[in-house]
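This is what each chain is made of:
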Amino acid sequence: MIELGVNSVLFGDFNFATACKHIKLANYDGIEVSAIKGMCEHLVLDEWEKQGKEVKHIAEDNGLKLLSMEVASLDEDRLTKAFEAGAALGIPIINVGPGGKSDVREDLERSIAQLKKMSEKAENYGVTLCVKAHVGSAIYNTPTMLYAIDKIDSPAFGLDMDPSHIYRVGENPEEAILSILPRVKHIHIRDCKGRTSGPGSPFMQICGRGDINLMAFCKNLVDGGFSGPVCLEIIGASQLSLPEVVMIASESYGYLNAIFKYLGAR
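This is a predicted model, so every value here is computed, not measured.

Asks: So what exactly am I meant to see when it comes to the nonpolar core here?
Replies: Side chains that are nonpolar tend, in soluble globular proteins, to be buried together. Ranked by size, the top nonpolar core spans 85 residues in total, and within it Leu 10, Leu 43, Met 69, Met 161 and Phe 260 carry the most contacts. Residues within four places of Leu 43 in sequence aside, it is in contact with Val 33, Ser 34, Ala 35, Trp 48, Gln 51, Gly 52, Val 55, Met 69, Ala 85 and Leu 89.

Take a look at the structure:
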């Protein structure tokens, strides 16, 4: 069955306890812990051994599963710490971006080489490393995702599919998911208005408010047998009030839960 979560970056202006309390009130199953340096570090990887038990206890006290962690960076030192933390805290999936620039062959090869190396390292910790196609980066569309999964055969490597990035490079996510689904192990989900470089305001990222055919996307996920985490990832929410942030999470939950219940996946 599909498990719904929220990337804690949405609550970047609030502490982890506040994030967990309100994510649970919105009825989500779990949380993706943001460990993105310079953006939102609810888990500070340089101090994870001191902070980790508290993070785990806060999530458990609120009845939330630790579904995944977003690190973003491909830096080996940070990823090694993320793997250690994931193994110790029971966080099974570590999410990163690909880095590099689109349509620069050297960047694509460099990104894949690093992902291959770090996936093999992730195997030793019993966690999975996932990368998502990202607008403007080396891996950014279906062809580059297919190229990456062809080159990386580690069982500890997977794709983190984000329909908003695929939509914004001119593809239709509900079609793109079909060719990569066997290697998709995590979903970052949000909506967007238009095929622009950015996803728009946080309110236009609420699932159901934008232009992406999320119903068809979710149907193809379920029909294809996907059973990993589906985590709401809303960016740009800094300086929003707590009620506004909770509204974003709650409205998206209602939309996604209704779809997945209709599809028999919840």
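So, next bit.
Asks: Would you explain the side chain of Asn 95 in this entry?
Replies: Tracing the chain through its elements places Asn 95 in strand E5 (residues 93-96). A relative accessible area of 1% places Asn 95 in the buried class. Within the structure, Asn 95 has its side chain in polar contact with the side chain of His 186 (distance 3.4 Å). Each residue touching Asn 95, except ones within four places of it in the same chain, is listed here: Glu 32, Ser 68, Met 69, Glu 70, Val 71, Ala 72, Cys 130, Asp 160, His 186 and His 188.

Asks: It is not clear to me how the pattern of salt bridges should be interpreted in this structure. Could you clarify?
Replies: A side chain with one charge may pair with a side chain of the opposite charge, provided their charged atoms come close. Enumeration according to the criterion identifies 18 salt bridges in this entry. Between Glu 41 and Arg 78 there is a salt bridge whose closest N-O contact spans 3.9 Å. Pair noted here: Glu 41 is in strand E3 (residues 40-41) and Arg 78 is in helix H3 (residues 76-89), with a separation of 37 residues, a long-range link. Among the residues examined, Glu 41 registers a relative accessible area of 31% and is labelled partly exposed. On the basis of relative accessible area, Arg 78 is assigned to the buried category, the value being 9%. Here Glu 109 ties to Arg 105 by a salt bridge, and the two come within 3.2 Å at their closest N and O atoms. Pair noted here: Glu 109 and Arg 105 are both in helix H4 (residues 105-125), with a separation of 4 residues, about one helical turn. Under the relative-accessibility criterion, Glu 109 is labelled partly exposed at 31%.

Asks: Explanation requested: unusual backbone geometry in the structure shown.
Replies: Residues apart from glycine generally show negative phi values, whereas peptide bonds are mostly found in trans. Backbone geometry at Ala 72 places phi at a positive 75°, although glycine is not the residue there. In this fold, Ala 72 is placed in strand E4 (residues 65-72). Judged by its relative accessible area of 30%, Ala 72 is partly exposed. Positive phi outside glycine occurs at Asp 103, with the angle close to 65°. Within the secondary structure, Asp 103 sits in the loop between E5 and H4.

Asks: Just to check I follow, could you spell out the pairing of E5 for this structure?
Replies: The side chains of a regular strand alternate between the sheet's two faces. Burial of E5 is two-sided: the residues Ile 93 and Asn 95 facing one way and the residues Ile 94 and Val 96 facing the other way are all buried. Pairing analysis gives 3 bridges linking E4 to E5, with the strands arranged parallel. Paired with Met 69 across the two strands is Ile 94, which belongs to E5. Chirality of the crossover, the property in question, places the unit of E4, H3 and E5 among those that are right-handed. Taken together, the 4 bridges between E5 and strand E6 (residues 128-131) define a ladder with parallel strand orientation. If you follow Ile 94 over to E6, its bridge partner there is Leu 129. In this fold, E5 hands off to H4, which returns the chain to E6; that crossover is right-handed.

Asks: Looking at this structure, how should I read the pairing of strand E9 (residues 229-232)?
Replies: Across the two faces of E9 the burial is the same, with Pro 229 and Cys 231 and Val 230 and Leu 232 all buried. Of the strand pairs in this sheet, strand E1 (residues 3-7) and E9 are connected by 4 bridges, and their pairing is parallel. Of the residues in E9, the one forming a bridge with Leu 4 is Val 230. In this structure, strand E8 (residues 184-189) lies alongside E9, joined through 3 bridges in parallel fashion. From the neighbouring strand, His 188 faces E9, where its bridge partner is Cys 231. With respect to chirality, the unit in which E8 leads through helix H8 (residues 214-223) into the neighbouring parallel E9 is right-handed.

Thresholds applied
Residues numbered from 1 in each chain as written. Predicted model: local features only at pLDDT ≥ 70, side-chain atom pairs only at ≥ 80, totals over all residues. Heavy atoms only, no water. Core = buried A, V, L, I, M, F, W, Y, C linked by side-chain atoms within 4.5 Å. Buried < 20%, exposed > 50% of the residue type's maximum accessible area, 1.4 Å probe, protein only. Contact = heavy atoms within 4.5 Å. Helix = DSSP H or I, 4+ residues; strand = E, 2+ residues; numbered from the N terminus. Polar contact = N/O pair within 3.5 Å; in protein donor to acceptor, adjacent residues only side chain to side chain. Salt bridge = Lys/Arg side-chain N within 4 Å of Asp/Glu carboxyl O. Pairing = 2+ DSSP bridges. Right-handed = clockwise from strand over helix to strand, strands pointing away.

Just distances and angles here, no functional claims.
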